[in-house]
Every structure is written in C-alpha cells, then in structure tokens.
Amino acid sequence: MTLSQSLFCAAALAFRIAGAEPVIAPRGVAGAATPHGTPVGPIARGSLFTISGENLGPSMPEQAGFPLPSSGGLAGTSVQISVGNNRLDALLVSTSATEVLALLPSKTPLGAASVTVTYQGRKSAPAPFEVVGSRFGIFTVDQSGSGQAAAGNHAPGWQRPNSFDQPARTGQTVALFGTGLGPVPFDEAVQALQEDLNLDVEVSVAGRNAYVLYKGRNSCCAGVDEIDIIIPDFVAGCSVPVLVRVGEAVSNAATLAIEPEGRTCAHPAGVSALGSNAAAPGE
C-alpha cells in the first residue's frame, strides 16, 4: 500500500468514527443517583438521569449553563423522550462521547417510555425506561450511589459537608442531596426555586425516623433535591445507614457520620478524612 493510499484509508476511518451513530448501552438509562451495578429502575419526573453508551457526544465533555438547552441541543447532542404519542426534549446538563446527563421534564407523562440520543444529526435506536412520579436517589460522595452521602451539617450561618472529620451531632439539622423527589411547576431550565414540595417523605437514620424540615429543590442547580432532617437521638457511628421513602418508593442506601459530641469519627481503616473535601451543592 502506498503512502497516499494509507493516508486515504486513515482519513476514511476517521470519518467513519466521527460520523458513527450514537449507541445507548443495554440498560444504559438510569437515575443519576442509581448505585453502580444495580438493576436500573424507573426515573422520576423532574429528576436528573444519565444515558451511557458510545458516540453520544463530543470526545471532550461539554457542560451546559443556564438556561439549560433542550431542542437546540448541547455541542451537537440532543435527547428526545417518547411516551405513547407524546414527544418531549430533555434538558441537557452535560454531554460527552460516553455519557449524557439530562433532566427529565416535569411535564413528562407517566408510564412506559423510550429515549433516543441524536448527535451531529445521527440518531440512536430507542432505549426503554419507565417514568414515575417520585423515586428519590441519594447522591454520594464518590458518585457511586452507595457509601457516604453527599450531605451538609447545618449550624448558624454556615454549612459543612458531613464527613468523618465533621460528623453531625444528634439533634443537628443535616441536608441530604439527591434527585427524584418529583415534578415542579416552575421553569426547570434555570436555577430552581427553593420551595417545599407537598409530598409524603420519610427519612430513616439507623432505623429511626428523622424529623423532616424541608423537601424540595436546592436553589444551586436544576433537578437537584434537598431534604433537611433533624438527626434523631440515640444514633451514632461513622457510617450510619440512611434511607428515604417518598410514597411507596425507597431510595438507595447511603451513610452519614454521626457523633453525639461532634468529635472526629475514627475510620476503622485508620482514615479520618474520608469524604471531608466533598462540598455540598452550591458550596
């Protein structure tokens, strides 16, 4: 093969790769807080969700600003939702070749749905999922969907990430962050309004019910929910389990660091600062 032929083949291969159709991975549509390696469940209206696969967007990740784009797309990527005869454009938060982070509009009808990704004019095959009213997922520090919750300890005038170095005290207010509380009536393309949602929400901390002070969007972002609770008495530990129930749907399991006197919590592996550098949304 001559040099010119080799260059032509390389150029043709590069064109094929650049123009390849988007492919959504099997079971590649999931709520943004879904634990890695677990079965993919329904996605709540108004929540953040991820689409994983190949050729979904540019090789270098692109992040959207406000207002979040929808039909116009982000860096050549757009996401379409179909429920029966209804067609909607998802709001895009970020895109890359292997993953898209999007917001499912609150007005999406309930029931069996499918999603397609279009990148540079090429459209993927549809991937099925189910739309539900509420299905809260707790964000975690390592973004795996399990382990230390992304949470903030409240005190007068400040909030600090819950961690082994900064455990919550019993009786202290702690904010849990996640997505999937449910739909909202305001414009989701801009930063959310912080207003309490009329929902049946229960939070269990080490099997004890915590008093819920607030349940609604966090004003930092779009699609990010905040649940403020008071840590119940007689609860302590470096990795205390926490679960959230909205209606009949139960969240993924995460943990909180709780120490009644506020002392540094000793990690069993000898590491005290695990998660201490993770900021809560908006910090």
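The structure reproduced in this document is the subject of the present report. Throughout this description, residue numbers start from 1 for each chain and increase along the sequence as written. The model is predicted, so local features are restricted to residues of pLDDT at least 70 and side-chain atom pairs to those at 80 or more, both for listing and for counting; the totals for chains, interfaces and linings are taken over all residues. Neither water nor hydrogens contribute to the side-chain values; these are computed over all heavy atoms in the structure.

### A closer look at the overall build of the protein chain
Next up, step 1: Secondary structure assignment for the protein chain yields 1 helix and 21 strands.
Next up, step 2: Whether a residue is buried, partly exposed or exposed follows from its accessible area with a 1.4 Å probe, protein chains only, as a fraction of its type maximum: under 20%, in between, or over 50%, in that order. Per-residue burial for the protein chain yields a buried fraction of 48% across its 283 residues.
Next up, step 3: The protein chains shown are the only cover counted for residues, whose accessible areas, like all others here, come from Shrake-Rupley with a 1.4 Å probe. A total of about 13,500 Å² of accessible surface is found on the protein chain, and carbon and sulfur atoms cover 54% of it. A run of H or I in DSSP becomes a helix once it reaches four residues, and a run of E becomes a strand once it reaches two; helices and strands are each numbered from the N terminus.

### Some words on the packing of aromatic side chains
Next up, step 1: A pair of aromatic rings is counted whenever rings of Phe, Tyr or Trp (Trp by its six-membered ring) have centres within 6.5 Å, and the orientation is called stacked for planes under 30 degrees apart, edge-to-face for over 60 and tilted otherwise. This model, assessed by the stated rule, comprises 1 aromatic pair.
Next up, step 2: For the pair F49 and F129, a centre-to-centre distance of 6.3 Å together with 20 degrees between the ring planes defines the contact as stacked. On the criterion of sequence distance, the pair formed by F49 in strand β3 (residues 48-54) and F129 in strand β11 (residues 127-132) is long-range, its members being 80 residues apart. Across the pair, F129 and F49 agree in class, each one buried.

### Some details on the pattern of salt bridges
Next up, step 1: Each reported salt bridge corresponds to a side-chain nitrogen of Lys or Arg within 4 Å of a carboxyl oxygen of Asp or Glu. Counted according to the given criterion, the structure contains 5 salt bridges.
Next up, step 2: Here K215 and D196 are joined by a salt bridge, their closest N and O atoms 2.9 Å apart. One end of the pair, K215, is in strand β17 (residues 208-217); the other, D196, is in the loop between β15 (173-179) and β16 (201-205), and 19 residues separate them in sequence.

### Some details on the nonpolar core
Next up, step 1: For this analysis, a nonpolar core means a set of buried residues of the types Ala, Val, Leu, Ile, Met, Phe, Trp, Tyr and Cys, connected via side-chain atoms within 4.5 Å. Ranked by internal contacts, the top residues of the largest apolar core, which has 36 residues, are F49, I51, V79, I81, V115 and F129.
Next up, step 2: Taken together, the elements giving at least two residues each to this core come down to β1 (23-31), β3, β5 (77-83), β7 (91-95), β8 (99-103), β9 (111-119), β11 and β15.
Next up, step 3: Tallying contributions element by element places β8 first for this core, with 4 residues.

### What to know about the sheet that holds β3
Sheet strands pair via backbone hydrogen bonds, and the direction of the pair is either parallel or antiparallel.
Next up, step 1: Ordered by their spatial adjacency, 5 strands build an open sheet running β1-β3-β8-β7-β4, and the pairing between neighbours is antiparallel. Of all the strands in the sheet, just β1 and β4 (62-63) have a single pairing partner and so form its edges.
Next up, step 2: Strands are labelled as partners when DSSP assigns at least two bridges between them. Sheet analysis places β4 next to β7, joined by 2 bridges and oriented antiparallel. Bridge pairing links Q63 to S94 in β7.

### Overview of the environment of I227
Next up, step 1: Locating I227 in the fold gives a position in strand β18 (residues 225-230).
Next up, step 2: Each C-alpha atom, one on I227 and one on A175, is 5.5 Å from the other, the two residues being 52 residues apart in sequence.
Next up, step 3: Once you skip the residues sitting within four places of it in the chain, I227 turns out to touch F136, V174, A175, L176, L181, V201, V203, V212, Y214 and V244. Here a residue-residue contact requires only that any non-hydrogen atoms of the pair lie within 4.5 Å.

### Focus on unusual backbone geometry
Next up, step 1: Following F66, the chain continues into P67 via a peptide bond in cis, with omega recorded as -5 degrees.
Next up, step 2: For R27, which is not glycine, the phi dihedral falls at a positive 55 degrees.
Next up, step 3: With respect to the helices and strands, the residue R27 is situated in strand β1.
Next up, step 4: Despite not being glycine, A75 has its phi angle at roughly 55 degrees, a positive value.
Next up, step 5: You can see A75 is positioned in the loop between β4 and β5.
Next up, step 6: Looking at A75, the relative accessible area reads 35%, which means it is partly exposed.

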